[in-house]
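# Descriptive structure summary
The chain contents come next:
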Amino acid sequence: YLKNGDVAKISKEGILLHRELSSGAAAAGALREVPSLREYKYEEIKFDVGDDVIMEVEFESQKFCLPGIINERLAGSQIVFRELESSIVDMLLERKRFYFVGCGSSYNVGLSVAQAFTDFVGAEISEALNSVALIDRNHYVSPSDSVYIFISQSGTTGDTYQALKYCLERGAFCIALTNNRPTTISEACHATIDVMAGVERAVASTKAYTCQYLQLCLLAAMLGKRKLDMQNADVHITNGHGSYIDAIKSSNPAVCNGSLRSHKNGVSYNPGSAGAGAHGLTAEKYSSFISALRALPAGIEAALSKDINEMTNYLIGSKNRCLFLLSRGMEYATAVEAGLKISEVTQVATKVLSCADLMHGPFAL
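Here we summarise the structure given alongside this text. Keep in mind that this is a model prediction, so the values were computed, not measured.

Calculation rules
Residues numbered from 1 in each chain as written. Predicted model: local features only at pLDDT ≥ 70, side-chain atom pairs only at ≥ 80, totals over all residues. Heavy atoms only, no water. Phe/Tyr/Trp six-rings, centres within 6.5 Å; stacked < 30°, edge-to-face > 60°. Helix = DSSP H or I, 4+ residues; strand = E, 2+ residues; numbered from the N terminus. Buried < 20%, exposed > 50% of the residue type's maximum accessible area, 1.4 Å probe, protein only. Lys NZ or Arg CZ within 6 Å of the ring centre and 35° of its normal. Salt bridge = Lys/Arg side-chain N within 4 Å of Asp/Glu carboxyl O. Core = buried A, V, L, I, M, F, W, Y, C linked by side-chain atoms within 4.5 Å.

### Some details on the packing of aromatic side chains
Under the criterion given, the structure shown has four aromatic pairs. Between Phe 120 and Phe 289, the ring centres sit 5.6 Å apart and the planes meet at 85°, which makes this aromatic pair edge-to-face. Separated by 169 residues along the polypeptide, Phe 120 in helix H5 (residues 105-121) and Phe 289 in helix H12 (residues 283-304) bring together distant segments of the chain. Like Phe 289, Phe 120 is buried. Put simply, the rings of Phe 98, Phe 100 and Phe 117 pair up and form one aromatic cluster. Here Arg 170 stacks its cationic end above the ring of Tyr 166, 3.6 Å away from the centre of that ring. Positioned above the aromatic ring of Tyr 286 is the side chain of Lys 225, whose terminal nitrogen or guanidinium carbon lies 5.2 Å from the ring centre.

### What about unusual backbone geometry?
For residues besides glycine, phi is generally negative; the peptide bonds are generally trans as well. Not every positive phi belongs to a glycine, and Asn 138 is a case in point at roughly 50°. On the basis of relative accessible area, Asn 138 is assigned to the exposed category, the value being 60%.

### Observations concerning the pattern of salt bridges
For the structure on display, the rule yields seven salt bridges. Between Glu 83 and Arg 73 there is a salt bridge, and its shortest N-O distance comes to 2.7 Å. Remark: Arg 73 occurs in helix H3 (residues 62-73) and Glu 83 occurs in the loop between strand S5 (78-79) and helix H4 (86-94); sequence separation between them is 10 residues. Judged by its relative accessible area of 27%, Glu 83 falls in the partly exposed class. Here Asp 229 makes a salt bridge to Lys 225, at a shortest N to O gap of 3.0 Å. Placement of both Asp 229 and Lys 225 in helix H9 (residues 207-233) is noted, with a separation of four residues, approximately one turn of the helix. Exposure remark for Asp 229: the relative accessible area of 14% places this residue in the buried category. The exposure class assigned to Lys 225 is buried, which follows from its relative accessible area of 14%.

### A few points about the nonpolar core
Core analysis: the largest hydrophobic core is formed by 50 residues, its most contacted members being Ile 79, Leu 216, Leu 219 and Leu 223. The greatest single-element share of this core, amounting to 11 residues, is contributed by H9. Residues Tyr 99, Ala 163, Cys 167 and Ala 176 belong to the second largest nonpolar core, which totals 16 residues.

Without other data, these values stay purely geometric and don't point to any function.
If you want it as structure tokens, here you go:
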């Protein structure tokens, strides 16, 4: 929670923070003594914006940043990532393993999108990795068939940066997904995807999570659609047929942009071969995904308009300071993120269980 230029002394008595104020009635160089970390979080938010409802403001801003991402990424029915060069997209099409590395909410984003990369891209392995656990487990890096996506709202998360250095030293291809640039993480990676969430000023993080999730779902859908188009084209490329390749490129540039390459002995280029079979994007899935994207702004409005005061008051006022969240499948990651947010904001202890864990754990005992 410290900012550049802050000087803090942490002791048994509390936290002594020295910060020069940019504006306001307080004099520059004012000293504040904060008795506990919980109070420090609360005062930090008020100190920054002078508004008791900053969390609500951050929630409401999702009405603008999420549709803004859709407008930026969607060109007709095609998904575009202008910051990724065609050579990088080609490389991603050939990779079989996708790893999502982060801490806290960023790790939960990886949990939530891993299945999308299996279903849409046909990845053989799609896994979320905690930044610290990656190093502690001496994670094996396979540079030739893997890509690592490092997720950090700030772009400066220390543990995630250490995990990034670990992977780079072992030859991994790394992509940053950050909300700020240039940062230590974005500058060290081979490519960067902008989260486009706008300034994140609240703790706990709110819109960064949903924007990160949306960006990665869009990336998975774009890669899956590119593979699907290449499969449908059924192109066989033989040495010496450059004019034929050029004709295909000119007739369908959206499909073939930078993706066709010569192969010896007439071997067909099939970028969908990795993980082909039960997994992979179909035309029907892609059409449904695009329709869901276009309906998302209305869904956000509806979700944010719901009255949750009764549930909120119960959580805060209840003497039982423990909350269990149950889910399974793709929604398990949503439950994990919800539990983290509730713990951060209300100080209520949360425990997330899959339905199977509940049956074989507490119920069985």
